[in-house]
Amino acid sequence: MYLRQSFGTKVTPQSEAILGKPQVQNNANGYGFAVDDWVRLHRFLILGSEGGTYYQTEQKLTRENAEASLRCVKQDGQRVVHLVTDISTSGRAHKNDPAIFILAMACGTGNSETRKYALNALPSVCRTGTHILHFAEYVQQFRGWGRGLRRAIGDWYQSRSIEQLSYQIAKYPSRDKWSHSDLLRLSHPRTTNVSRNLVYKYIVDGWQENMAGQNNLLEAIEAAKTVTETEKITSLIREDHLEREMIPNQWLTKPAVWEALLEHMPMTAMIRNLGNMSKVGLLVPLSEAERLVVQRLSNKERLFQAKIHPIALLAALTTYAQGHGVVGKGNWDVATRVVDALNDAFYLSFGNVQATNKRLILAIDVSDSMTAGQVSGVAGLTPNKAAAAMSLVTANVEPNYAIMGFSDEFRDLGISPKQRLDDVSKRLHDSSFGQTDCALPMLWAGMKGIKADAFIVY
């Protein structure tokens with residue numbers, strides 16, 4: 001009996017390594033094939049590590065990814081910077097923070113050529129005022145403020161047009177305990193351009209009377225601090241395209257103010273503020289605001305130009321549909337047309353996905369653990385809902401597929417690509433049966449003689 005049960009070459013328990021194969025123990029105490037550092041770096045840049053995983057804490061997962069990334073920098077730093085820039089600028093990642101972090105790592109730990117290459121990539125990866133302030137915090141974890149870094153930060157400010165620079169410093173004045181004033185004092189950018197010097201002076205010393213009439217946006221921001229009438233603040237918003245972050249908080253309870261903000265509100269800001277606009281009573285049935293929001297969410301070109309990531313739309317859909325935020329107080333009445341438009345926008349955001357035309361088996365874990373935790377740090381976005389969303393996207397793009405569910409069994413879930421996301425998520429939740437065995441999709445295909453080109457396991 002002990003000889004029969006203890007060793008063989010045909011069948012190996014998942015709790016043991018396959019004989020003669022380079023398998024390693026994973027975090028679930030099973031065995032699998034390890035990915036190399038470059039695959040880990042690629043995954044980290046796209047997925048991040050916020051929230052951790054079922055078996056790893058956020059801190060442990062982040063550290064392991066950072067260590068793998070550091071080894072990549074030592075091996076080929078310029079390749080790392082190229083990958084960071086490609087993923088950041090293409091909009092393939094839900095959040096830009098991992099890219100900024102790895103760029104800071106390359107700036108501090110790479111060789112001289114890597115550091116130079118990374119600093120040259122700074123304007124491409126750090127595109128907003130928030131990005132450059134995050135970078136300033138991250139880079140301190142890897143190096144001091146030498147001449148090259150100071151020059152690169154100064155060049156970031158010099159590379160923006162007067163209009164872009166004014167907008168960035170007005171919308172994102174400070175982050176991570178850093179301000180633009182701090183960075184200017186460190187980098188000392190020099191210019192003979194009067195208008196640019198005025199913006200630098202404003203950043204460091206604030207508004208002065210002799211600046212009147214020289215920069216419309218900054219002057220409008222200062223005026224917004226003192227106005228006392230709704231008509232005047234809305235006029236400033238419309239005429240000078242002020243955004244939410246540029247006006248005093250006391251005005252953000254006024255429907256008329258949000259109506260004015262909505263007229264020129266960028267797509268990402270609009271998606272993030274749907275709850276706020278409903279909370280003040282702006283997004284009501286048959287209103288002009290509702291019509292405008294739905295129209296923009298239905299515009300495929302707008303979504304593409306704004307680089308709206310599908311996970312961002314899922315996050316907005318999840319938060320808005322529940323009628324209350326994750327932090328802060330207050331509920332709102334959910335506008336059904338807005339929920340439908342968010343749902344449609346999710347599919348539109350995958351408009352540039354090309355079909356592989358392969359025979360695909362989509363295998364979704366339906367065990368109870370899939371309903372716990374969160375994906376990419378998005379509150380309310382469980383693995384269950386994320387798997388449902390990604391599966392529906394593939395099903396809407398690919399012509400040859402089967403969507404199956406597995407835990408300790410493997411069965412057809414009866415899911416159609418025409419179903420709504422919430423319907424599919426509920427179907428997955430209601431289909432839970434037993435514990436998880438990720439080998440079942442392949443074993444099932446082998447037993448049934450199914451000719452699949454690839455398995456996509458969620």
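Just above sits the structure.
Just so it is clear, the structure is predicted and the values come from calculations on it, not from any experiment.

Caption draft 1: Spotlight on the overall build of the protein chain. Counting its secondary structure elements, the protein chain contains 23 helices and 8 strands. Counting only C-alpha atoms and orienting by the principal axes, one finds that the protein chain spans roughly 95 × 60 × 40 Å. Counting over 458 residues, the protein chain shows a buried share of 45%. Pairs at least 24 apart in sequence give 65% of the contacts found in the protein chain among residues at least 6 apart. Accessible surface for the protein chain amounts to roughly 24100 Å². Of this, 50% is attributable to carbon and sulfur atoms.

Caption draft 2: Quick look at the nonpolar core. Of all hydrophobic cores here, the largest spans 124 residues; its most connected members are Phe-135, Leu-242 and Ile-247. It is helix α4 (residues 97-109) that contributes the most residues to this core, 9 residues altogether. Not counting chain neighbours up to four residues away, the residues in contact with Ile-247 comprise Ala-224, Ile-233, Ile-237, Leu-242, Leu-252, Val-257 and Leu-261.

Caption draft 3: Representation of the pattern of salt bridges within the structure. Scanning the entire structure with this criterion turns up 13 salt bridges. Two residues, Asp-86 and Arg-92, come together in a salt bridge whose shortest N-O distance is 3.2 Å. Take Arg-92: its relative accessible area is 34%, and that puts it in the partly exposed class. Between Asp-205 and Lys-201 there is a salt bridge whose closest N-O contact spans 2.8 Å. With a gap of 4 residues between them, Asp-205 and Lys-201 both fall in helix α11 (residues 194-205), about one helical turn apart. The class of Lys-201 is partly exposed, set by a relative accessible area of 37%.

Caption draft 4: Representation of the environment of Gly-51 in the model. Looking at the secondary structure, you find Gly-51 in the loop between α2 (37-47) and α3 (58-90). With a relative accessible area of 36%, Gly-51 lands in the partly exposed category. Note: C-alpha distance between Gly-51 and Ala-68 (17 residues apart in sequence) is 19 Å.

Caption draft 5: Looking closely at the sheet that holds strand β7 (residues 410-412). Judged by pairing direction, the sheet is mixed, and its 4 strands sit side by side in the order β7-β6-β5-β8 without closing on themselves. The open sheet has two edge strands, β7 and β8 (454-457), and neither has a second partner. When strand polarity is set aside, the average angle formed by the axes of neighbouring strands in this sheet is 30 degrees. Packed on one face of the sheet, helix α23 (residues 440-448) meets β5 (360-365), β6 (401-406), β7 and β8 and runs near 150 degrees to β8.

Caption draft 6: Seen up close, the packing of aromatic side chains. On inspection of all chains with the given rule, the structure shows 9 aromatic pairs. On the basis of an interplanar angle of 85 degrees and a centroid distance of 5.1 Å, the ring pair of Tyr-54 and Tyr-55 is categorised as edge-to-face. Accessibility assignment for this pair places Tyr-54 and Tyr-55 in one class, exposed. Their ring planes at 80 degrees and their centres at 5.0 Å tell us that Trp-156 and Tyr-157 sit as a pair that is edge-to-face. Like Tyr-157, Trp-156 is buried. These aromatic residues form a ring-pair network of at least three members: Phe-101, Tyr-138 and Phe-142. Just above the ring of Trp-38 sits the side chain of Arg-79; from NZ or CZ to the centre is 3.7 Å.

Caption draft 7: Molecular detail of helix α20 (residues 336-348). Counted at 1.5 Å a residue, the expected span for α20 with its 13 residues is 18 Å, and the 18 Å between its end C-alpha atoms agrees. Those residues of α20 lying buried are Val-338, Val-339, Ala-341, Leu-342, Asn-343, Ala-345 and Phe-346. Packed against the buried residues of α20 are α16 (274-279), α17 (288-297), α18 (300-305), α19 (310-322), α21 (383-397) and α22 (421-430).

Caption draft 8: Quick peek at helix α9 (residues 162-171). Within α9, 7 of the 10 residues are buried, which leaves the element mostly enclosed by the surrounding structure. The set of residues buried in α9 consists of Ile-162, Leu-165, Ser-166, Gln-168, Ile-169, Ala-170 and Lys-171.

Caption draft 9: Representation of the side chain of Thr-128. Take Thr-128: it is sitting in the loop between α6 (122-125) and α7 (129-139). The exposure class assigned to Thr-128 is buried, which follows from its relative accessible area of 18%. Setting aside residues up to four positions removed in sequence, Thr-128 forms contacts with Trp-156, Gln-168 and Tyr-172.

Caption draft 10: Expanded view of the side chain of Asn-65. Following the sequence through the fold, Asn-65 ends up in helix α3. On the basis of relative accessibility, which here comes to 6%, the residue Asn-65 falls in the buried class. Ignoring anything within four residues of it in the chain, the contact list for Asn-65 reads Arg-40, Phe-44 and Ser-49.

Caption draft 11: How the structure looks around the environment of Ile-203. Structurally, the position occupied by Ile-203 is in helix α11. By relative accessible area, Ile-203 is classed as buried at 13%. Separated by 191 residues in sequence, Ile-203 and Thr-394 have C-alpha atoms that sit 48 Å apart. Once you skip the residues sitting within four places of it in the chain, Ile-203 turns out to touch Ile-169, His-180, Ser-181 and Leu-184.

How each quantity is defined
Residues numbered from 1 in each chain as written. Predicted model: local features only at pLDDT ≥ 70, side-chain atom pairs only at ≥ 80, totals over all residues. Heavy atoms only, no water. Helix = DSSP H or I, 4+ residues; strand = E, 2+ residues; numbered from the N terminus. Buried < 20%, exposed > 50% of the residue type's maximum accessible area, 1.4 Å probe, protein only. Contact = heavy atoms within 4.5 Å. Areas by Shrake-Rupley, 256 points an atom, 1.4 Å probe, with all protein chains shown as cover. Core = buried A, V, L, I, M, F, W, Y, C linked by side-chain atoms within 4.5 Å. Salt bridge = Lys/Arg side-chain N within 4 Å of Asp/Glu carboxyl O. Pairing = 2+ DSSP bridges. Axes fitted to C-alpha atoms, helices over the stretch in contact; angles between N-to-C directions. Phe/Tyr/Trp six-rings, centres within 6.5 Å; stacked < 30°, edge-to-face > 60°. Lys NZ or Arg CZ within 6 Å of the ring centre and 35° of its normal. Expected span 1.5 Å × (residues − 1).

Shape descriptors only; they carry no functional weight alone.
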